[in-house]
Amino acid sequence: MENPLHHFELHPLIPIHLFGFDLSINQAVVMMWVVVAAVSLFFWTAARTRQLVPTKIQSLAEISVEFLRGLVIENMGERGMRFFPFIVTLFFFILFANLLGLIPGTYTVTSQIMVTALFAIMVYVMSLIVGFTVHGLHFFSILVPPGTPGWLLPLMLPIEVISQLARPVTLSVRLFANMTAGHTVLYVLFGLMLAGGVLIGWLPFVFTVVVYILEVIVAFIQAFIFTILATVYLGDAIKLH
Amino acid sequence: MPQFDTTFLASLLFWSVISFGILLFLLKRFALPGILEMLEAREKKIKDSLDQAERLKQEAQQLLAQYEAKLTSIHDESRTILDAARKQAQLQLEENERRMEQETKRMLAEARSEIQREQQRVLREVHQTAVDLTLLAAEKVLSRSLTDADHRRLIEEAVQEIAQQAKR
């Protein structure tokens, strides 16, 4: 059996070298385009019929947008609606990357820690920028939870600094690890099925199906978690406690 | 782990930013405004419909109240009319009875006086006839001298005549 992590490897399809950078098109990049196309197609189909009594796709799109709007308003307030397009894009990009990656033969973009880290850092840097623009230097008080007694400050400050800095790390690792682990398990189980033959192979096959269904659910959950944490972090920066 | 191989770092970051940027632009520019607008339109529509339903309901209740009031007034009116009619009928009945009684009394009195008059007339007539007959009988007795048998026969004749007269 070959290395179960082998399928995460990237191979340049179209080598591009610009300004000394290797910007080659690989499977992950192609999948990003597919994701962008799929999300666009989804919204195009949904928006095409724009009726007061919605069609199924339209209603699906509207329900998710409505849901995300609720999320944004709840965590970031009305002012957070400026970030609404960003949040929607984040959610649908991750969700479609997760889901499309589950189709055999495709590549899971979100199993690349560089991609998830990019999104996480994007969210974190955005929250810092928002925090400092809205509150100025007062934004540093985010490191002091309200109601902290003065003598606890030497203890609280490092803890809060660490918890703040851990945010982008956990955000990126959570998504990356979930996707990688899920696909690895699927890969191993499927390999077992092929190796097991007809007599014993059905057992790993059943597990493959079960885990696959689980992975579909995980795809939604991880997209949701990433998005909700993004709104919470940005909301913290806007509201400051 | 192949994911920690940094060969494609630049490529992945670059294309991620590009793809994400394109998607963000597309959604922000084309998809979201329409959907948000639609959501708001639907919200408004539902709210309007609910408002209208509420308004219609109130109107209906008002109408119902009006109809009920009208119905009550009609009921009252019909009752007064009925009462009046009943009273009228009662009055009429009493009037009729009273008149009938008077009429009866009057007719009775008339009949009574008639009977009395007739009685007196008959009495007078009987008296007259009796006198006439007596005179007749006396005449017959006096005008002839007769035998005892003749007397007897004559008297019987006279009596019979009287009886016949009386019978008549």
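The structure presented is a predicted model; accordingly, all values stated were derived computationally and were not measured. (Residues numbered from 1 in each chain as written. Chains lettered and ligands numbered in written order. Predicted model: local features only at pLDDT ≥ 70, side-chain atom pairs only at ≥ 80, totals over all residues.)

**Re the overall build of chain A**
Link 1 in the chain: Across its full length, chain A carries 5 helices and 2 strands.
Link 2 in the chain: Taken from N to C terminus, the helices and strands of chain A fall in the order β-β-α-α-α-α-α.
Link 3 in the chain: Summarising the internal contacts of chain A: among those between residues at least 6 apart in sequence, 62% fall at separations of at least 24. (Helix = DSSP H or I, 4+ residues; strand = E, 2+ residues; numbered from the N terminus. Contact = placed C-beta atoms within 7 Å.)

**Considerations on the overall build of chain B**
Link 1 in the chain: Looking only at helices and strands, chain B has 2 helices and 0 strands in total.
Link 2 in the chain: Taken across its 168 residues, chain B has 8% of its residues classed as buried. (Buried ≥ 20, exposed ≤ 12 C-beta atoms within 10 Å, placed from the backbone.)

**Notes on helix α4 (residues 113–135) of chain A**
Residue and element names in this part refer to chain A.
Link 1 in the chain: The end-to-end C-alpha distance of α4, which contains 23 residues, comes to 32 Å, matching closely the 33 Å that a straight helix rising 1.5 Å per residue would cover.
Link 2 in the chain: All buried positions along α4 are accounted for by I113, M114, V115, T116, A117, F119, A120, V123, Y124, S127, V130 and G131.
Link 3 in the chain: Just downstream of α4 lies G136, where phi reads positive at about 65 degrees. (Expected span 1.5 Å × (residues − 1).)

**Brief notes about helix α5 (residues 153–239) of chain A**
All names here are of chain A.
Link 1 in the chain: A rise of 1.5 Å per residue sets the reference length of α5, with its 87 residues, at 129 Å; its end C-alpha atoms lie only 22 Å apart and thus fall more than 12% short of the reference.
Link 2 in the chain: Of all the bends in α5, the greatest, near 155 degrees, is centred on G197.
Link 3 in the chain: Once α5 finishes, L240 follows within two positions and takes phi at roughly 55 degrees, a positive value. (Bend = angle between axes of the 7 residues up to and from the residue.)

**Some words on the interface of chain A and chain B**
By convention, interface size is frequently given as the accessible area that disappears when the constituent parts associate.
Link 1 in the chain: Between chain A and chain B, the residue contacts involve 36 residues of the former and 29 residues of the latter.
Link 2 in the chain: Elements with a minimum of two residues in the side of chain A that touches chain B: β2 (21–22), α1 (27–48), α2 (56–76), α3 (84–101) and α4 of chain A.
Link 3 in the chain: The element that contributes the greatest number of residues to the side of chain A that touches chain B is α1(A), accounting for 9 residues.
Link 4 in the chain: Residue composition of the side of chain A that touches chain B, grouped by class: 24 nonpolar, 7 polar and 5 charged. (Nonpolar A, V, L, I, M, F, W, Y, C, P; charged D, E, K, R; others polar.)

**Points about the nonpolar core**
Link 1 in the chain: By size, the foremost hydrophobic cluster in this structure holds 62 residues, and its most contacted members are A:V35, A:I87, A:V88, A:F91, A:F93, A:I94 and A:L234.
Link 2 in the chain: Counting residues per element, the ones that place at least two in this core are α1, α2, α3, α4 and α5 of chain A together with α1 (9–143) of chain B.
Link 3 in the chain: The element contributing the most residues to this core is α3(A), with 13 residues.
Link 4 in the chain: Apart from the residues within four sequence positions on either side, A:L234 is in contact with A:M76, A:G80, A:F83, A:V123, A:M126, A:S127 and A:V130. (Core = buried A, V, L, I, M, F, W, Y, C linked by C-beta atoms within 7 Å.)

**A word on the packing of α2(A) against α3(A)**
All names here are of chain A.
Link 1 in the chain: Interaxial distance between α2 and α3 falls to 10 Å at its minimum, and their mutual angle equals 125 degrees. One finds that α2 runs oblique with respect to α3. Read as a crossing pair, α2 and α3 show a hand that is right-handed. Listed contacts from α3 to V65, L68, R69 and V72 of α2 are F84, I87, V88 and F91.
Link 2 in the chain: Looking at the contact of α2 with α3 residue by residue, the class counts come to 7 nonpolar, no polar and 1 charged. (Axes fitted to C-alpha atoms, helices over the stretch in contact; angles between N-to-C directions. Parallel < 35°, antiparallel > 145°, perpendicular 65-115°, else oblique. Left-handed = near helix turned anticlockwise from the far one by under 90°.)

**Section: the packing of α1(A) against α3(A)**
All names here are of chain A.
Link 1 in the chain: At a closest axis distance of 9 Å, the pairing of α1 and α3 adopts a crossing angle of 115 degrees. Remark: the crossing between α1 and α3 carries right-handed chirality. Counting all contacts with α1, which are made through M31, V34, V35, A38 and V39, the residues of α3 involved are F92, F93, F96, A97 and L100.
Link 2 in the chain: Per-class residue counts for the contact of α1 with α3 are 10 nonpolar, no polar and no charged.

**Focus: the confidence of the model for chain B**
Reading predicted coordinates in detail is not appropriate for stretches of low pLDDT.
Link 1 in the chain: Considering every residue of chain B, the mean pLDDT works out to 86; 96% of them sit at 70 or more.
Link 2 in the chain: This complex was scored by the predictor with a pTM of 0.69 and an ipTM of 0.84. (pLDDT = per-residue confidence, 0-100.)

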